[in-house]
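# Notes for the structure review
Listed below are the residues making up each chain.
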Amino acid sequence: MLDLQFICDELDQVRQNCENRGIQVDLDALIALRDQRRELITTGDKLRSEQKEVSGRIPKASKEEKPQLIAQGKELREQVGKVEEQQKEVEQKLRDIQSQIPNMTHPDSPVGRSEDDSVTVREVGEKPNFDFKPLDHVDLAEKLDLLDLNAGGKVAGHGFYFLKNEGVLLELALVQYAVEKLLAEGFTIMTTPDLARDEVLEGIGFNPRGNEAQIYSVENSDLNLVATAEITLGGMLKDEVVDIETLPIKVAGISHCFRTEAGAHGRATRGIYRVHQFTKVEIFGFAAPDTKLSDEFHQQILKIEEEIFQGLGIPYRVLDIATGDMGGPAYRKYDLEAWMPGRGEAGEYGEVTSCSNCTDYQSRRLNIRCKTPGTKGTQFVHTLNGTAVAVTRALIALLENNQQADGSVVVPEVLRKWVGKDRIEAR
RNA sequence: GGAGAGAUGGCUGAGAGGCCGAAAGCGCCGGAUUGCUAAUCCGGUAUGUCUCGAAAGAGGCAUCACGGGUUCGAAUCCCGUUCUCUCCGCCA
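Residues numbered from 1 in each chain as written. Chains lettered and ligands numbered in written order. Predicted model: local features only at pLDDT ≥ 70, side-chain atom pairs only at ≥ 80, totals over all residues. Heavy atoms only, no water.

For the rest of this paragraph, the subject is the overall build of chain A. From N to C terminus, chain A includes 13 helices and 17 strands. Along the three orthogonal principal directions, the C-alpha set of chain A runs to about 100 × 45 × 40 Å. Here the contacts in chain A between residues at least 6 apart in sequence split such that 72% fall between residues at least 24 apart. Taken as a whole, chain A presents about 21,000 Å² of accessible surface, with 47% of it coming from carbon and sulfur. (Helix = DSSP H or I, 4+ residues; strand = E, 2+ residues; numbered from the N terminus. Contact = heavy atoms within 4.5 Å. Areas by Shrake-Rupley, 256 points an atom, 1.4 Å probe, with all protein chains shown as cover.)

Turning our attention to the protein's contact with RNA strand B. Close to RNA strand B lie 22 residues, the nearest being Arg-38, Asp-45, Ile-58, Arg-77 and Lys-88. Taking the atoms of RNA strand B that fall within 4 Å of the protein, sugar and phosphate contribute 75% of them. Contacts to RNA strand B include Arg-38, whose side-chain N or O atom sits 2.5 Å from a phosphate oxygen. Where the surface near RNA strand B is concerned, the elements lending two or more residues are helix H3 (27-57), helix H4 (66-98) and strand S13 (369-371). By residue number, the principal contributor to the surface near RNA strand B is H3, which donates 10 residues. (Near = heavy atom within 4 Å. Polar contact = N/O pair within 3.5 Å; in protein donor to acceptor, adjacent residues only side chain to side chain.)

In this structure the tally under the stated criterion is 3 aromatic pairs. For the ring pair Phe-130 and Phe-132, a centre distance of 5.0 Å and an interplane angle of 55° mean the geometry is tilted. Judged by its relative accessible area of 23%, Phe-132 falls in the partly exposed class. Against the face of Trp-339 rests Lys-127, its NZ or CZ located 4.2 Å from the ring centre. (Phe/Tyr/Trp six-rings, centres within 6.5 Å; stacked < 30°, edge-to-face > 60°. Buried < 20%, exposed > 50% of the residue type's maximum accessible area, 1.4 Å probe, protein only. Lys NZ or Arg CZ within 6 Å of the ring centre and 35° of its normal.)

With that out of the way, let us pick up the pattern of salt bridges. The full count for this structure, using the stated rule, is 26 salt bridges. Salt-bridge contacts for Lys-238 lead to Asp-239; the nearest nitrogen and oxygen are separated by 3.5 Å. By relative accessible area, Lys-238 is classed as partly exposed at 21%. Since its relative accessible area comes to 46%, Asp-239 is described here as partly exposed. The salt bridge partner of Asp-360 is Arg-364, with a shortest N-O separation of 2.8 Å. We classify Arg-364 as buried; its relative accessible area is 15%. Because the salt bridges share partners, they merge into one network encompassing Lys-181, Glu-185, Lys-303 and Glu-307. (Salt bridge = Lys/Arg side-chain N within 4 Å of Asp/Glu carboxyl O.)

Grouped together as the largest cluster of nonpolar side chains are 57 residues, with contacts concentrated most on Leu-170, Leu-174, Leu-182, Ile-308, Phe-309 and Leu-415. Examining the composition of this core, we find that 8 residues originate from one element, helix H7 (residues 166-184), more than from any other. Leaving out residues up to four positions away in the same chain, Leu-182 has contacts with Phe-187, Ala-252, Val-281, Ile-283, Ile-304 and Ala-388. Judged by nonpolar contacts, the second largest core, of 27 residues, contains Leu-4, Val-25, Val-83 and Leu-94. (Core = buried A, V, L, I, M, F, W, Y, C linked by side-chain atoms within 4.5 Å.)

With that settled, consider the side chain of Asp-136. Topologically, Asp-136 is positioned in the loop between strand S1 (119-124) and helix H5 (137-144). Looking at Asp-136, the relative accessible area reads 13%, which means it is buried. Reaching out from Asp-136, the side chain makes a polar contact with the backbone nitrogen of Val-138 at a distance of 3.1 Å. If sequence neighbours within four positions are ignored, Asp-136 has contacts with Arg-270, Gly-342 and Glu-400.

Dropping the structure here:
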């Protein structure tokens, strides 16, 4: 959520930004509601002030005066009630509009409405040159007995899967590898709840119960299965004020992620590219409210993500995501797309990680602030997030890039200590 | 799951219908003293929001977990929710 004052002060900028991001918001209605709200506050404050004054006189008033003052107090109470009701209504409408407005955008982010407008920053690593027709991860996993999609479908429906044998070891190894890396980078690691309340989801920028919600919600409760540990890690400091000296706070969480993928039918439905549940190691940061600092932090997170894929020996490219494709909370966003030789006709890039600087967009609604000693007031912190490893997609890239002519898959050096072997052979 | 106790500022903790945005202490900031450090003394020190102001600032209102209610008036009384603690039950 953007600051209301900022929206009103910089209306043209905000309007242009909504345009760039392909979001339609009725900003004029917002301004009208803001004015209404202001008026109601002024009237309400006056009435309350009067009410306080009247009730303050009562204990000292004479017996004769009292009944009249009490009657006056009653009258004022009713008026105050009415104004407050109106104010609530107006504020609800105001908030509805306000929360549709996306974050402002980094001046260097490419402007454009679709993912095709995103800019490739760099391509890293050598794509493998196969002297045979490479298989896709589904065929590979079947040969090596790493994955059971049928069983997943039977038990929970399409989009669920069982990992088996070295598939499991690879999942655990990828998690360990990411955790080891993040520890070395000074992150505090945690495992996190796989469920979270509506208000936390909303604070992070997810819409838990809308029509096209990507979220599984639990009936008769305000809980939802999390789509990412970004939700829980960000929610961790909800309503707190931290000393600015403690920033940046660097955390990382291991969690399951659940996504309904509503409306995504038919798009890359084969295999485990688009699934309803996967394991992820997520990077999260709380930074001082200074775009220069949070941008630097953002670059650090990107660097970590890249080093993780470099370490795995998987070729990838970095995309600077276009304004229209980055989602509401992000101020700037990068994606890593790994080379997936089994995708499409002759291999394609597929998204494996992303990282965003959300500046104060999430913290404003979550009410996460920091305080600078010796100064008045508080400021909303900046939040950042990124994927260290999303297991299923990393697994796809890993299997497809490391396949051999005989159908076996070479285990990347860095994972061998956990997988316990160099190569996964067909059974 | 059952029974009970509780939630107060950055922290600890008093207050039990009006004199309470809230004692005291800690912490922090400014100053005095000080060879340095420590100690001592004095003063200041919540957040949000609206109005006025170029600003410094001044004023109104709100906030004692959250949401309702009672009352002329609620941190204080009542109801609901969330969370914490203790005991019992169950359990990996």
